[in-house]
Amino acid sequence: MDFNGNLNGGNVDFLVEQISSIKIKRREKGTFNWITLESIPINTAEDLTFTFIDRLNAYGKDYEYAFVPVLEDIEGNYIINSIFSEFNGVFIGDFDNIYKFLYDVDYGTNARNQQIGTFTPLGRKYPVIVANGLLSYETGSVTASILNDDFDKTGKIDSVAIIEKQKAIKDFLTNKKAKLLKDWQGNVWLCAIVNAPQMTYKSGSSMAIPVLSFDWAEIGDPDNQQDLYNSGLVKEVT
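Residues numbered from 1 in each chain as written. Predicted model: local features only at pLDDT ≥ 70, side-chain atom pairs only at ≥ 80, totals over all residues. Heavy atoms only, no water.

Asker: Is there a simple way to think about the packing of aromatic side chains in this case?
Answerer: For any pair of aromatic rings, the description consists of the separation of the ring centres together with the inter-plane angle of the planes. One pass over the full model with this rule turns up 10 aromatic pairs. Seen in terms of ring centroids, Phe87 and Phe91 are 5.4 Å apart; in terms of plane orientation they differ by 80°. Their pairing is edge-to-face. Residue Phe87 is classed as buried on the basis of its relative accessible area, which comes to 14%. Here a set of aromatic residues connected by ring pairs shows up, and it is made of Tyr59, Phe87 and Phe91. The residue whose ring lies beneath Arg26 is Tyr63, and the NZ or CZ to ring-centre distance is 4.5 Å. One Lys or Arg, Lys182, reaches over the ring of Phe87 and ends 4.9 Å from the middle of that ring. (Phe/Tyr/Trp six-rings, centres within 6.5 Å; stacked < 30°, edge-to-face > 60°. Buried < 20%, exposed > 50% of the residue type's maximum accessible area, 1.4 Å probe, protein only. Lys NZ or Arg CZ within 6 Å of the ring centre and 35° of its normal.)

Structural data, given as C-alpha cells:
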C-alpha cells in the first residue's frame, strides 16, 4: 500500500515523519466497538512495511480491520478492509504462538460452572437454594493426535518432526500464559490450561503417533478489550 509520504488524518495531514504509531483494530461487521489488536511504533517510513497476523479471529465472522495512523494521542482516518474469517481445524494460541489440531480431535464434556449454595434448615422439607454470585464460566477438554505439519500434504509420518512438535506443544501448554481456543464450528474461548497435559499413543501406531489431551477453564471474554489486555493476548496501548 503506497501512502505517497503522508496519511490523511481527518483535519490533519500526517507526514510519515510525524506518525508515532499505527494501531491495528478489528470489529465484527455491523457492530460499533473496535478492539485494538496491536500498536506498531513508527520511526521511519520503512516501519510502515509490516505484516500483522490476527490469531484471535473466530470462524465464520465478517470482520472489518482498521489501519489507524496516530500522532501522539490523536488518531487519523480509519483505513478499513473487510475480511471473512475461514479456517479448518482446532487452534490454540497465545500472543507468541499458535498450534493447529486437525487429526482425531475430540472435545470432552463442556460444562458451564456456577456458584450455587444449598442449605437444609431444620423444619423444612426442601432445601434453600442460594445463587447470588456472578461466577459463570465454561470448562472442557481437548484430545487430538499430533502429526508433523506437512502430513496433510505428504501423507508420511515424520517421527523426528513429531517428537520436536510434541515437546514444543508441551512447553506451550505449560507456559502459564492465557490461551485462545477456537475451532471451525465458530466456538472460541479465552482460557487457561488447568491440570497437567497428557500424552498417550495411538493404538497400533507403535508409539509413532502421540495423542494429546488437556483440560481448560474459561477466564474471560475474547471480544472484550480489557480481558484481552489482562490475559496478555494483546499488548495494552499506553
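Asker: I tried to follow the layout of surface pockets on my own but got confused; where do I start?
Answerer: In this structure, the second largest pocket encloses a volume near 280 Å³. Taken together, 14 residues make up the lining of the second largest pocket; nearest its centre are Lys100, Phe101, Leu147, Asp149 and Lys165. The element best represented in the lining of the second largest pocket is strand 9 (residues 98-101), accounting for 4 residues. Of the residues belonging to the lining of the second largest pocket, the class tally is 8 nonpolar, 2 polar and 4 charged. (1 Å grid on protein atoms, 1.4 Å probe; cavity = no way out; pocket = protein on both sides within 12 Å on 5 of 7 lines; lining within 4 Å. Points joined across faces, edges and corners; volume = space filled by probe spheres on them. Helix = DSSP H or I, 4+ residues; strand = E, 2+ residues; numbered from the N terminus. Nonpolar A, V, L, I, M, F, W, Y, C, P; charged D, E, K, R; others polar.)

Asker: What exactly am I supposed to notice about the pattern of salt bridges here?
Answerer: Oppositely charged side chains are able to pair whenever their charged atoms sit close together. Scanning the entire structure with this criterion turns up 11 salt bridges. The partner of Glu64 in a salt bridge is Arg27, and the shortest N-O contact between them spans 2.8 Å. Pair noted here: Glu64 is in strand 5 (residues 62-71) and Arg27 is in strand 3 (residues 21-28), with a separation of 37 residues, a long-range link. In terms of burial, Glu64 and Arg27 fall into one category: buried. In this structure, the salt-bridge partner of Lys202 is Asp104, at a minimum N-O distance of 3.0 Å. Of the two residues, Lys202 sits in the loop between strand 16 (188-201) and strand 17 (210-220) while Asp104 sits in strand 10 (residues 103-107), which places them 98 residues apart along the sequence. Taken together, the salt bridges that share partners define one network made up of Lys23, Lys25 and Glu75. (Salt bridge = Lys/Arg side-chain N within 4 Å of Asp/Glu carboxyl O.)

Asker: Whenever I open this one, the environment of Tyr65 confuses me. Can you help?
Answerer: For Tyr65, the location among the structural elements is in strand 5. Each C-alpha atom, one on Tyr65 and one on Ile80, is 5.5 Å from the other, the two residues being 15 residues apart in sequence. Setting aside anything within four residues of it in sequence, one finds Tyr65 in contact with Lys25, Arg26, Trp34, Leu37, Asp54, Asn57, Ile79, Ile80, Asn81 and Ile83. Within polar-contact distance, the side chain of Tyr65 engages the side chain of Asp54 at 2.5 Å. (Contact = heavy atoms within 4.5 Å. Polar contact = N/O pair within 3.5 Å; in protein donor to acceptor, adjacent residues only side chain to side chain.)

Asker: Help me out: how do you make sense of the pairing of strand 9 in this one?
Answerer: Judged by which residues are buried, strand 9 turns out to be one-sided: Tyr99 and Phe101 face inward and are buried, whereas Ile98 and Lys100, on the alternate face, are not. Where strand 8 (residues 90-93) and strand 9 come together, 4 bridges link them in antiparallel fashion. Counterpart to Ile92 in the pairing with strand 9 is Tyr99. Following strand 8, the chain reverses through 4 residues before pairing antiparallel with strand 9. (Pairing = 2+ DSSP bridges.)

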